[in-house]
Each structure stands twice: as C-alpha cells, then as structure tokens.
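Understanding the architecture of this molecule
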Amino acid sequence: MNSTDFDSASAKALRIGNFRQLVALCRAMRSENPLYADAWFLESVAAEVGGNLPAALKLVDRALEIDRANPEYLTQKARYHSSANQDAEAGNAADMAVSVGVRSSQSMNTLGVVYTRLGRHENALNLLIQAADLKPADPEVIFNLAASMQFMGRHDDARKNYERVTQLQPDNARGYWALSELEKVDVSDRHERSMRALAQRPGLSDRDELYLAHALFRIDESRGEYSAALTRLRAAKNRRRKSLRYEFDQDAALFNAVIESFMTVQPTKDEHAPRVPLRTPLFVVGLPRTGTTLVEQILTAHSKVASLGELQDLPTAVKRLSGDTGSKVISPKIIESTARGAIPLERVYLDSIAPRLKNVPPEASYFIDKTPLNVFMLGYVMRFMPRAKVILLRRDPMDAVLSNYRQLFSADYSYYNYSYDLEDTASYVAAFETLVEHWKAVLGDRMLAIDYEQIVGEPESLSRAMIDYLGLDWEPSCLRFFENKRAVATPSASQVRTPVYSSAVGRWRKYGSILEPAKRKLAELGITRSAS
C-alpha cells in the first residue's frame, strides 16, 4: 500500500466512523513502512474512540517520535491526557502544539477546550477567537467561544455568540439551553416559539430533549407555571434515565463505604510531602447547587486567597495510590483499600496540581480546590493533609433536591446520574445529610460547616466567620465579591456576578404538592431538617 492509497482509504474510514477498518489500514501501512507517522497517529484516534486511552497515548507518542513537531499530533496528545485527568502532561502537550504553530481551526478549538479544562481561560479564549476567525460559520467553534466568554464574565459577548449558534443551526438545542443558563437571573422568552416547535419534532434525541426541557422549564417557572415546568422536565429526565444502568444503591454503597472507613480520623504526616508548603489547601465542598461557587467567589475577593477551580486531582490521586484500574474515579473498592493504610497523598496531590499552582499569585496564602463531591474525600484530607482547611456547604434539603433536579449536569459524568429522577435525588440528598452529620461529629472544629441560607441572610457575618476560620485579616472586598473578575466555569457562572439574592431560599415551597414524592422520600429516610 502506498501513502496516497493509505491517505485516501484512511480518510474515508475516519469520515464514516469505520474504526475497525481504520485500524486494519494503519497496521497494513506500518507493515510496509513502520516510519509512516500517520499510521501510528490514526490508530491512536481509533483507540481513543474505543475508550483505550493508555493505548492511544502510546500510539500518538510513537507518531511523535517520527514527527516531533506535528501540531495535530501534539493537539490530540493534549486532549488524550486531558481526558485521562493528567493535567501536567496535557498542559505541556498543548503548549508545545501552540509553540510549533497550530494552523487549523479544529486544532485551535480542541486546544481551547483543553486549556479551559486546565483553568487556563485566557489561553483558551485567545485560541477560540482565532478558531472563530478561521471558521465563523462553525457552530461548535462558536459555541465553545461563547462558553469561554461566559466563564470570563463577558456575558454580552457570550450571548451574541450563543445567538449566532442558533442562527447558524436553528435546531441546535444545546445553544438554546446555553442561553437559558446565561440568563438564569433575568429569564428571557425570545426563543420560546422556536424551542417549543423544536421540542415537538419527531426523532429528537434524548439529549436534545433534555436541553430543551431545561430551557423551557426556566421560562415556565419564571411565569409561576410550576406544574407545567416540572411535568415537561420529568418526561425528558425519565427518558434519559431509562438509557442509564443506574440504581441509587450504587451511590448508597459509596456513602456507606466513606462513613464506615472513616469512623475516626487521626492526622498522619506524609514524610515525603513538602515540610513547609508555600500555600495551604482549602477545600470547599458540598452538594452541587448549594452555594460552593458563591463561597469561592467571596473568598477569592480576598487578596490572600486564590482558586484553582473544580479539580479531579484529589480523587484521582487516591485512585492512583489504590492501584485500581476500573473506570470509576471514586468507588467503595477504592475507599476501602486506601482509607486505613499510610499513603503519600499530600505529595501526589501537590505534584498533580503543580502546573496550576504556578498561576497562583505569589501573595496568596491559600488555594481553593472547589470540587463539590470532594465531600467524599474529607477523611483523606484531614488524615493526610493536616494543614488543610475545609468549608462544607449545605442547604435546606428540599431546596437542595429541587436545585439538583432542575439543573442539567454533564450528561457524560455518571456521578450525577441521581439527578434524572426526583426520588433518587431526594435519596442522594438524604445520604449527603447523613454524611454531613458524620463529618461534623468526626472532624469537629477542624472543618467549618455553614448553611447556604446563612450566607444569603447574613452575608457579612458569615463572610467574616470564613475569613476568621482561615486566620486572615478582614478585607471589605469580600462583600463586593460580584465585582470579582476571575473566571468561573460552573453552572453558577452568571449568578455569582450579581449581589447576594434570597429568591432561591424556600423555592421548593412554590411547587406545593408537585414535590410531595421528594418530601415523602426525605421523611422516610429520616431527614426532616428545614432551613427555609
């Protein structure tokens, strides 16, 4: 097989998604010419599609041994490392791709997404602007540009670009949903007619139905049409849940494993960790949609506090130290195999986030890791990182149920599978409440536990309490957190750009009997606490 025939045949196999044929072509080509770099690279693409990231990385590295300065190879290497939560390697590959000269819009778009995941939002935005200049009619590129602008607080520019997506592709359900996310505080119905027409279209995918149901939910809710809002949402979520192999027992096993493995938590020094770390880790944890981003925004308004955003590094470090090779980052098996032994967690964790720490201002004493579900990791934090601080958020259980159920999380992230069913969500919130009480009993004043309702009702006193917990001097800028210009890449990105508001407190009461199944489930599981 000559190179011309291979290029033509492999391009066709890639275009139609025939990856088995693509692999066969790559291997046939290599048998004749082992130094044909594309034959290694394209098989890496097939391996990644098949879910075999280790093989994909080995193959793309082999391609790079032959063609070291190929920006396309480096771009895909960065993406593979990012998918594997290998941030340092992803950043290095992305930087190399940029340094050798990325030329295609597709590669710029891919690297923009990689940089976004790394929290390097300026790098991401610069590349995505270039990609959009090259491909101004590519909906995917324009969508990613809009998202980057949203994270950077450029909401007007983000809105224009999301609008551009729906103009380029009037059936782009994700574009309508993104606009509704951007307009959470000031709900708009200008696309309502288009969305309702699209929602009636035969053959709509379950994912597009979800996007539209969530967007229309916000419109109906803003009008006080709570029954209609929840009915549409429930139908879309039920359809999605049927496609998942999920039962709440899977999550219950994780909650139970954490509690049983950390009945006591005694600090254990990691002899290999830095003796005097330059900065102290601050973990802000809780359920999603319970105020963790608000707390992060308040604290990073202080000159001594910076944030690394939402990271997977802590659970990934625990998994790595467990030797587990399964697909789950957190599982009962991983917890049970690591909770009682001595592991160099602090060193592995700090090594993992080292590239991000380079971007922390030198005056910062604390860096925040704001991953809500690190609530499962607090036993590890307090045992193996005794200097670390923890702020734990919780919210009125019924409001927590509603806020999680009405939020569309990443459809590809299985840890949010509970949110597709109202009673599953109630069960998850109940298990979380039990875990909170466990941590309060075991960790005591080593952890600061606060309620979302307290922050909303008494923002200054709670802000001062958090600053006191960190041992820092008070700075009035913490009360002007909404002026904070840092990038925010969470569902609360638009809400934390406004002053504290109380309209979300007790929101569940507006739904009356519609939420009765959730309230009944909470009571059945012994959760009767109400903060609203």
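Now for a quick tour of the structure.

Calculation criteria
Residues numbered from 1 in each chain as written. Predicted model: local features only at pLDDT ≥ 70, side-chain atom pairs only at ≥ 80, totals over all residues. Heavy atoms only, no water. Helix = DSSP H or I, 4+ residues; strand = E, 2+ residues; numbered from the N terminus. Rg over C-alpha atoms; globule rule 2.2 N^0.38 Å. Buried < 20%, exposed > 50% of the residue type's maximum accessible area, 1.4 Å probe, protein only. Areas by Shrake-Rupley, 256 points an atom, 1.4 Å probe, with all protein chains shown as cover. Core = buried A, V, L, I, M, F, W, Y, C linked by side-chain atoms within 4.5 Å. Contact = heavy atoms within 4.5 Å. Phe/Tyr/Trp six-rings, centres within 6.5 Å; stacked < 30°, edge-to-face > 60°. Salt bridge = Lys/Arg side-chain N within 4 Å of Asp/Glu carboxyl O. Axes fitted to C-alpha atoms, helices over the stretch in contact; angles between N-to-C directions. Parallel < 35°, antiparallel > 145°, perpendicular 65-115°, else oblique. Left-handed = near helix turned anticlockwise from the far one by under 90°. Nonpolar A, V, L, I, M, F, W, Y, C, P; charged D, E, K, R; others polar. Pairing = 2+ DSSP bridges.

Further remarks concern the overall build of the chain. In terms of helices and strands, the chain carries 25 helices and 5 strands. Against the globule reference of 24 Å for 532 residues, the chain gives a C-alpha radius of gyration of 24 Å, in line with a compact fold. If you line up the chain on its principal axes, its C-alpha atoms span 70 × 60 × 45 Å. Here the chain holds 532 residues, and the buried ones make up 55% of them. For the chain, the computed accessible surface area is about 23200 Å², with 49% contributed by carbon and sulfur atoms.

The tendency in soluble globular proteins is for nonpolar side chains to be buried side by side. In terms of nonpolar packing, the biggest core is built from 155 residues, with F376, Y380 and W439 touching the most fellow members. With 11 residues, the top contributor of residues to this core is helix 22 (residues 422-443). Once residues within four sequence positions are removed from consideration, Y380 is found in contact with F262, V318, I334, I335, T338, A339, I343, L345 and M385. Counting residues in each nonpolar core, the second largest holds 25 residues, with L294, I368, Y452 and L472 among its members.

Summed over all chains, the structure comprises 14 aromatic pairs. Ring geometry for F481 and F482: centres 5.5 Å apart, planes at 80°, overall edge-to-face. Judged by its relative accessible area of 26%, F482 is partly exposed. One aromatic cluster is present, built from ring pairs that chain together F255, F376, F409, Y416, Y418 and Y428.

This structure, assessed with the given rule, holds 32 salt bridges. Among the ionic pairs, R190 bridges to E163, the shortest N-O distance being 2.6 Å. With a gap of 27 residues between them, R190 in the loop between helix 11 (173-182) and helix 12 (192-199) and E163 in helix 10 (residues 155-168) connect regions that are remote in the sequence. Overall, the relative accessible area of 14% leaves E163 in the buried class. Among the ionic pairs, R218 bridges to E181, the shortest N-O distance being 2.9 Å. In this pair, R218 is assigned in helix 13 (residues 206-222) and E181 in helix 11, connecting sequence segments 37 residues apart. Both residues of the pair, R218 and E181, count as buried.

Relative to the helices and strands, E48 resides in helix 3 (residues 37-49). Each residue touching E48, except ones within four places of it in the same chain, is listed here: L53, A56, R79 and Y80.

All right, on to helix 11 then. The element helix 11 is extensively covered by neighbouring structure, given that 9 of its 10 residues are classed as buried. Listed as buried for helix 11 are A173, G175, Y176, W177, A178, L179, S180, E181 and L182. In this structure, the buried side of helix 11 is in contact with helix 9 (139-151), helix 10, helix 12 and helix 13.

Right, let's get into the packing of helix 2 (residues 19-32) against helix 3. Two elements in contact, helix 2 and helix 3, have axes separated by 9 Å at closest approach and are oriented at 155°. The angle between helix 2 and helix 3 falls in the class roughly antiparallel. Crossing handedness for the pair helix 2 and helix 3: left-handed. Every residue of helix 3 that contacts helix 2 at F19, L22, V23, C26, R27, M29 and R30 is listed here: A39, W40, L42, E43, V45, A46 and V49. A per-class count over the contact of helix 2 with helix 3 returns 11 nonpolar, no polar and 3 charged.

Of all 7 residues that make up strand 1 (residues 280-286), 7 are buried, and the element is covered over most of its length. Bridging between strand 1 and strand 3 (residues 366-369) involves 4 bridges; their strand directions are parallel. By the bridge assignment, P281 is partnered in strand 3 with F367.

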